[in-house]
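Residues per chain are reported as follows:
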Amino acid sequence: MMDPEVSVLLHCAHWHGLLESQVQVELSERFNRQTDLALERHIDEVWTKRVSKEPWLFNGAKFRLHSFCLADPQNPPSTPLCHGTIFHHTEDQNSQGQRDLGDIRNRCTSQTENAEGPSNHDYREFNGIADKPPPHPAPLLSLRLGLTCYKDYLGTNWSCGVAKLRQRGEAEFGDPLTLLAQPLGVGAILCTSNGQVVMIRRSQKVAEAGGLLDIPGGHPEPKAVCERLGQRVCEEQISIAMMERRPEAIVSELFSSVCAEIRDEVNIPLSSLGPPVLMGVALNHTSAGRPSAEFYVSCSLSSDEVRKLYWKGGAEASESTEVVFVSRTDVLQLDRSSPLWLELCPSAKGAMLLYQTVKPDVVPDRSGRGDAKLTPPHVHKETD
């Protein structure tokens, strides 16, 4: 299914998603965006104009996704991943750098199609039932991250001159994304105990995709990592040096931030959420290929219980206007011909594509049965 708004950068279908212990991070200034004085002046101008119209805007630090390395499922690593094999996500499938992303996508596809069975890394915890993982498993995915901020995002990815920035990046650095902020977001396919995927309708007051259906999500926060490491700093003081020696704290923030977003946006307590399972990374082409790590999170509450909590209001209740439940089987059938697809914002579309590909709640050789027969899509809306 092709949609010009989104594409999948990487997926972890061979393992039906990855747990926190199977992911590592390398943080370095080498992975920051390239820049020059003219670009910095442009970013300042864009920010000043936006803040004059929207004085509530806040410039927070974000992690920048530069590149990644995904293990070969036919030869699972017994040692930490070698960064020499990292591919750069230099372009989306609909633009000029197609060959580089094609290499990544072909690698992801081949690892799924060529797999004859689950590897010894097919460890999963679902609904409280866990297999014993191999001792000290080596990471299967390595993410290379730099630092960026919301101001830089608005001045690059959302700039009216983003096409020229991409052309400059390709011509000067061989990478059309090298001048862009590329902040890494997070999102969650949240599934209730009775098989309903939780979605929320974005408020018309939010900056992007107002009125459309979305999944709970946001960003992992560098400031939260610094605070976890005992460093009390303001956003402008955050540096890579504060975090680069503790990459495990960044991985922890990546996985915990998606649960925090669920708590704040849907008002579900953390104690009711299962461990996040990373499905992969999707690209939002309406914002120049901005990446988002998409997770699957199980919930011990029913859709009725979730609905009641939602209407009590969470910390970020103002960002949405209603909660919507879609059955898991219907989500697996969604495509561009479905009326519901037209209501989804790009971030939700990317997560749906990954969920359909990875199937994180289907564990190989666990029950001996396939999925139940799917039924035509239907949506259960709950309004005030």
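Residues numbered from 1 in each chain as written. Predicted model: local features only at pLDDT ≥ 70, side-chain atom pairs only at ≥ 80, totals over all residues. Heavy atoms only, no water.

Under the annotation held in an unreviewed UniProt entry, the protein carries the name Nudix (nucleoside diphosphate linked moiety X)-type motif 22 and is attributed to Oreochromis niloticus. Recorded in UniProt for the protein, the comment headed Cofactor (unreviewed entry) runs: "Mg(2+)". (UniProt positions renumbered as here; feature names shortened; annotations may be inferred.)

**Student:** So what's going on with the overall build of the protein? Which residues, and what values?
**Tutor:** Looking only at helices and strands, the protein has nine helices and 15 strands in total. Here the protein holds 384 residues, and 54% of them are scored as buried. Pairs at least 24 residues apart make up 77% of the contacts formed inside the protein by residues separated by at least 6 positions. Roughly 17,100 Å² of accessible area belongs to the protein as shown, and the carbon and sulfur atoms make up 50% of that amount. (Helix = DSSP H or I, 4+ residues; strand = E, 2+ residues; numbered from the N terminus. Buried < 20%, exposed > 50% of the residue type's maximum accessible area, 1.4 Å probe, protein only. Contact = heavy atoms within 4.5 Å. Areas by Shrake-Rupley, 256 points an atom, 1.4 Å probe, with all protein chains shown as cover.)

**Student:** Summarise the pairing of strand β14 (residues 320-327); cite the residues concerned and give the values.
**Tutor:** A large share of β14 lies buried, amounting to seven of its eight residues. With seven bridges connecting them, strand β9 (residues 196-202) and β14 associate as antiparallel partners. Of the residues in β14, the one forming a bridge with Ile-200 is Val-323. (Pairing = 2+ DSSP bridges.)

**Student:** Lay out helix α9 (residues 346-358) with the relevant residues and their values.
**Tutor:** The terminal C-alpha atoms of α9, which comprises 13 residues, lie 18 Å apart, in line with the 18 Å expected from a rise of 1.5 Å per residue. Of all 13 residues making up α9, 11 are buried, and the element is well covered by its neighbours. Every buried residue of α9 is listed here: Pro-346, Ala-348, Lys-349, Gly-350, Ala-351, Met-352, Leu-353, Leu-354, Tyr-355, Gln-356 and Val-358. Looking one or two places after α9, you find Lys-359, whose phi comes out positive at around 45 degrees. (Expected span 1.5 Å × (residues − 1).)

**Student:** So what's going on with the pattern of salt bridges? Residues and values would help.
**Tutor:** Counted under the stated rule, the structure contains 19 salt bridges. Between Arg-50 and Glu-54 there is a salt bridge, with its nearest N and O atoms 2.9 Å apart. With its nearest N and O atoms 2.4 Å apart, the salt bridge here joins Arg-246 to Glu-248. Among the residues examined, Arg-246 registers a relative accessible area of 41% and is labelled partly exposed. A residue is classified by how much of its surface remains accessible, and Glu-248, at 42% relative accessible area, is partly exposed. (Salt bridge = Lys/Arg side-chain N within 4 Å of Asp/Glu carboxyl O.)

**Student:** So what's going on with the nonpolar core? Residues and values would help.
**Tutor:** Among the nonpolar cores identified, the biggest contains 54 residues, and Leu-143, Leu-145, Met-243, Ile-268 and Phe-295 are the most heavily contacted of them. In terms of residue count, the dominant contributor to this core is helix α6 (residues 247-266) (nine residues). Formed by 30 residues, the second largest nonpolar core is a distinct cluster that contains Val-331, Leu-334, Leu-344 and Met-352. (Core = buried A, V, L, I, M, F, W, Y, C linked by side-chain atoms within 4.5 Å.)

**Student:** So what's going on with the side chain of Glu-235? Residues and values would help.
**Tutor:** Tracing the sequence through the fold places Glu-235 in the loop between α5 (222-228) and α6. For Glu-235, the side chain forms a polar contact with the main-chain nitrogen of Ala-61, separated by 2.8 Å. If sequence neighbours within four positions are ignored, Glu-235 has contacts with Phe-58, Asn-59, Gly-60, Ala-61 and Lys-223. (Polar contact = N/O pair within 3.5 Å; in protein donor to acceptor, adjacent residues only side chain to side chain.)

**Student:** Explain the packing of aromatic side chains to me, and be specific about the residues and the numbers.
**Tutor:** Taken as a whole, this structure holds five aromatic pairs when the rule is applied. Consider the rings of Phe-255 and Phe-295, whose centres lie 5.0 Å apart with planes at 75 degrees: the pair is edge-to-face. Here Phe-255 is found in helix α6, whereas its partner Phe-295 is found in strand β13 (residues 290-298), with 40 residues between them in sequence. A residue is classified by how much of its surface remains accessible, and Phe-255, at 2% relative accessible area, is buried. Their ring planes at 80 degrees and their centres at 4.9 Å tell us that Tyr-310 and Trp-311 sit as a pair that is edge-to-face. Ring pairs connect the aromatic residues Trp-47, Tyr-150 and Tyr-153, which therefore count as one cluster. (Phe/Tyr/Trp six-rings, centres within 6.5 Å; stacked < 30°, edge-to-face > 60°.)

**Student:** Lay out helix α1 (residues 37-53) in plain terms, naming residues and giving numbers.
**Tutor:** When the terminal C-alpha atoms of α1 are compared, their 25 Å separation across 17 residues agrees well with the 24 Å that a helix rising 1.5 Å per residue should span. For α1, the set of buried residues is Leu-39, Ile-43, Val-46 and Trp-47. The arc that holds every buried residue of α1, seen down its axis, measures 100 degrees, which confines them to one face. Exposed residues lying more than 90 degrees from the buried face of α1 are Leu-37, Arg-41, Glu-45, Thr-48, Lys-49 and Ser-52. Next to the buried residues of α1 lie α3 (150-155) and α4 (162-173). N-capping of α1 is provided by Asp-36, with a side-chain oxygen placed 3.3 Å from the backbone N of Ala-38. (Arc of directions from axis to C-beta.)

**Student:** Now, about the environment of Glu-244: what can you tell me, with residues and values included?
**Tutor:** Mapped onto the elements, Glu-244 comes out in the loop between α5 and α6. For Glu-244, a relative accessible area of 40% corresponds to the partly exposed category. Counting along the chain gives 98 residues from Glu-244 to Gly-146, while the straight-line C-alpha distance between them is 9.8 Å.

**Student:** Outline the environment of Phe-68, supporting the account with residue identities and numerical values.
**Tutor:** Checked against the element boundaries, Phe-68 lands in strand β3 (residues 61-70). Taking the C-alpha atoms as reference points, Phe-68 and Glu-26, 42 residues apart in sequence, are found 9.5 Å from one another.

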